[in-house]
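The lines below spell out each chain.
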Amino acid sequence: MTGPAVGWQPDGWDVRVRLGVLVPHGDVGPESELRAMAPAGVGLHAARVPFGAMRRGGAMDPTIPLAPVRDFAAPPHVDDAAGQLADAPLAALAYAFTSSAYVIGAQGEAKMIARLSARANGLPVVATCAATVEALQTAGVTALCLIDPPWFGAALNDLGRAYYEAAGFDVRFSAPCTLPSGQALIRPGDLHDWAAGHVPDDAEAVVIGGNGLRAVGMIEALEATLGRPVFTANQALLWSALKAAGTHTDDVTGYGRLFALPPR
C-alpha cells in the first residue's frame, strides 16, 4: 500500500561546507552576523569561550579592561573549545574576537592561530584581525580609518592603531565610536552616520573592529556614502573562513565589495 506523498522540509543538513566559530560566551554578534551573510550551503557551528569581561545577559562595563581581553586568547579555555569543536565535521575554524590581537600583536596572534590549529587536529584556523589585514592587502589599501566599538577604550583603540601600523598601513584616523556602549544598543543607521561623519577624505578604506559590534547591515550603505570599501570584523572573518575552507566567497552578496575581490 502506497502512503501519501511526503514533502521533506529543509533541515540544515544539505550543506557543502561547515565552519566552526569560537565566540565569547555572552556575545550574540558573531553568530548573528555570520548567519545573516553566509550563503545557502554554508553551515555554522559555534563553541562558546569564557570571557572575563562579560556577565549574564551579555552585559559588559562601558569600557572593557585589557587583562580579560588578553586572557581570552590564552590557554586553556579557547584551546579546549577549539579541540571539542574540531571533533565535528568542519572545514575550518573562525576565531571571532578582535581585541585580543590588538593586545598580543600580530606575532602573538599568529602563534595563537598555530596553537589552535594544532589543537583542532590540523584544521585551518582564521582570526579576525589577520583576516582583515589580508582583506586590506587584497584590496590594495594602504591608508585606512579604524573605528572600534564604544566599549573599546582609548588604550585598546591605540593598540589597534599600532597593530595596523605594524602591518604596514597608514592609519589616518582611529577612535572608538561614541555610541551607546552595549551589544544590544547599536543600530545600523547610527553607526553609519557616526562613521560617515568621522572618516577623513584621505582614508582609502574603513575598518570597523569588534565582532560584537552590530555592523554588517550597513556596509553597503556606508560604501555608497563614502565611495570606499568598508571592512568589518565578521565580514572579513567570514571571507577568510570561506577561503580557508576552499569554497566560494563571491556567493555572498549585499555585504560589501570584499566578497567580489579576485583572489591574490
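Analysis parameters
Residues numbered from 1 in each chain as written. Predicted model: local features only at pLDDT ≥ 70, side-chain atom pairs only at ≥ 80, totals over all residues. Heavy atoms only, no water. Phe/Tyr/Trp six-rings, centres within 6.5 Å; stacked < 30°, edge-to-face > 60°. Helix = DSSP H or I, 4+ residues; strand = E, 2+ residues; numbered from the N terminus. Buried < 20%, exposed > 50% of the residue type's maximum accessible area, 1.4 Å probe, protein only. Lys NZ or Arg CZ within 6 Å of the ring centre and 35° of its normal. Core = buried A, V, L, I, M, F, W, Y, C linked by side-chain atoms within 4.5 Å. Contact = heavy atoms within 4.5 Å. Arc of directions from axis to C-beta. Salt bridge = Lys/Arg side-chain N within 4 Å of Asp/Glu carboxyl O. 1 Å grid on protein atoms, 1.4 Å probe; cavity = no way out; pocket = protein on both sides within 12 Å on 5 of 7 lines; lining within 4 Å. Points joined across faces, edges and corners; volume = space filled by probe spheres on them. Nonpolar A, V, L, I, M, F, W, Y, C, P; charged D, E, K, R; others polar. Axes fitted to C-alpha atoms, helices over the stretch in contact; angles between N-to-C directions. Parallel < 35°, antiparallel > 145°, perpendicular 65-115°, else oblique. Left-handed = near helix turned anticlockwise from the far one by under 90°. Pairing = 2+ DSSP bridges.

Visitor: Where do I start with the packing of aromatic side chains in this structure?
Guide: A ring pair, where both rings are aromatic, is described by two values, the distance of the centres and the angle of the planes. Scanning all chains against the criterion turns up nine aromatic pairs. Ring centres of Tyr102 and Tyr163 lie 6.4 Å apart, and the angle between their planes is 40 degrees; on these two criteria the pair is classed as tilted. Here Tyr163 lies in helix 6 (residues 154-166) and Tyr102 lies in helix 4 (residues 99-119), a separation of 61 residues in the sequence. On the accessibility criterion, Tyr102 (3% relative accessible area) is buried. Ring-pair connections join several aromatic residues into one group, and the members of that group are Tyr102, Phe152, Tyr163, Tyr164 and Phe169. Directly above the ring of Trp13 sits Arg18, whose terminal nitrogen or CZ lies 5.6 Å from the centroid. Over the ring of Trp239 we find Lys243; its NZ or CZ atom is 4.6 Å from the centre of that ring.

Visitor: Sorry if this is basic, but what is going on with the nonpolar core here?
Guide: Nonpolar side chains in soluble globular proteins tend to be buried together. Residues Leu22, Tyr95 and Tyr164 are the most contacted members of the largest nonpolar core, which totals 90 residues. Setting aside residues up to four positions removed in sequence, Leu22 forms contacts with Ala47, Val49, Val78, Ala81, Ala82, Leu85, Ala94, Tyr95, Ala96 and Leu116.

Visitor: How should I be thinking about helix 8 (residues 219-226) in this particular structure?
Guide: The periodicity of an α-helix, 3.6 residues per turn, causes residues three or four positions apart to be oriented the same way. By the burial criterion, the buried members of helix 8 are Ile219, Leu222, Glu223 and Leu226. Here the buried residues of helix 8 occupy an arc of 100 degrees about the axis, which is enough to place them on one side. Along its buried surface, helix 8 packs onto helix 7 (188-196), strand 7 (205-208), strand 8 (230-232) and helix 9 (233-244). Once helix 8 finishes, Gly227 follows within two positions and takes phi at roughly 70 degrees, a positive value.

Visitor: For this particular structure, what's the right way to read the pattern of salt bridges?
Guide: For the coordinates displayed, the defined rule picks out nine salt bridges. Between Arg16 and Asp251 there is a salt bridge, with the nearest N and O atoms lying 3.0 Å from each other. Pair noted here: Arg16 is in the segment before strand 1 (17-24) and Asp251 is in the segment after helix 9, with a separation of 235 residues, a long-range link. A relative accessible area of 41% means that Arg16 is categorised as partly exposed.

Visitor: Help me out: how do you make sense of empty space enclosed by the protein in this one?
Guide: Gaps between atoms show up when a probe of the same size as a water molecule is rolled over them. In the structure shown here, the tally under the stated rule is one cavity of 30 Å³ or more. Empty space within the largest cavity amounts to approximately 150 Å³. For the largest cavity, the lining is made up of 16 residues, of which Asp27, Phe97, Trp151, Phe152 and Gly212 are closest to its centre. By residue class, the composition of the lining of the largest cavity is nine nonpolar, six polar and one charged.

Visitor: What should I look at first to understand the packing of helix 1 (residues 29-37) against helix 9 in this one?
Guide: For any two helices packed against each other, the geometry is given by the interaxial angle and the distance between the axes. Running from amino to carboxyl end, helix 1 crosses helix 9 at an angle of 60 degrees, the nearest separation of the two axes being 10 Å. Between helix 1 and helix 9, the crossing angle belongs to the class labelled oblique. As for the relative orientation of helix 1 and helix 9, their crossing is right-handed in sense. The residues of helix 9 that touch helix 1, namely those facing Gly29, Pro30, Glu33, Leu34 and Met37, are Asn234, Gln235 and Leu238. Looking at the contact of helix 1 with helix 9 residue by residue, the class counts come to four nonpolar, three polar and one charged.

Visitor: I tried to follow the sheet that holds strand 8 on my own but got confused; where do I start?
Guide: Where strands meet in a sheet, backbone hydrogen bonds hold them as pairs that are either parallel or antiparallel. Read across the open sheet, the four strands follow the order 6-5-7-8; overall the sheet is parallel. At either end of the open sheet lies a strand with only one pairing partner, and these are strand 6 (170-176) and strand 8. The mean angle between the axes of side-by-side strands here comes to 15 degrees, regardless of whether they run parallel or antiparallel. Along the sheet, helix 6 contacts strand 5 (143-148), strand 6 and strand 7; its crossing angle with strand 6, the most-contacted strand, is approximately 160 degrees.

Visitor: Which parts of the structure should I look at to understand the packing of helix 3 (residues 77-85) against helix 4?
Guide: Running from amino to carboxyl end, helix 3 crosses helix 4 at an angle of 40 degrees, the nearest separation of the two axes being 8 Å. As summarised for this structure, helix 3 and helix 4 are arranged oblique, according to the angle between their axes. Seen along the crossing, helix 3 lies across helix 4 with a hand that is right-handed. Here Val78, Asp79, Asp80, Ala82 and Gly83 of helix 3 lie close against helix 4, whose contacting residues are Arg115, Leu116 and Arg119. Partitioning the contact of helix 3 with helix 4 into residue classes produces three nonpolar, one polar and four charged.

Visitor: When you look at helix 7 in this model, what are you seeing that I'm missing?
Guide: Every buried residue of helix 7 is accounted for by Leu191, His192, Trp194 and Ala195. Its buried side turned inward, helix 7 meets strand 5, strand 6 and helix 8.

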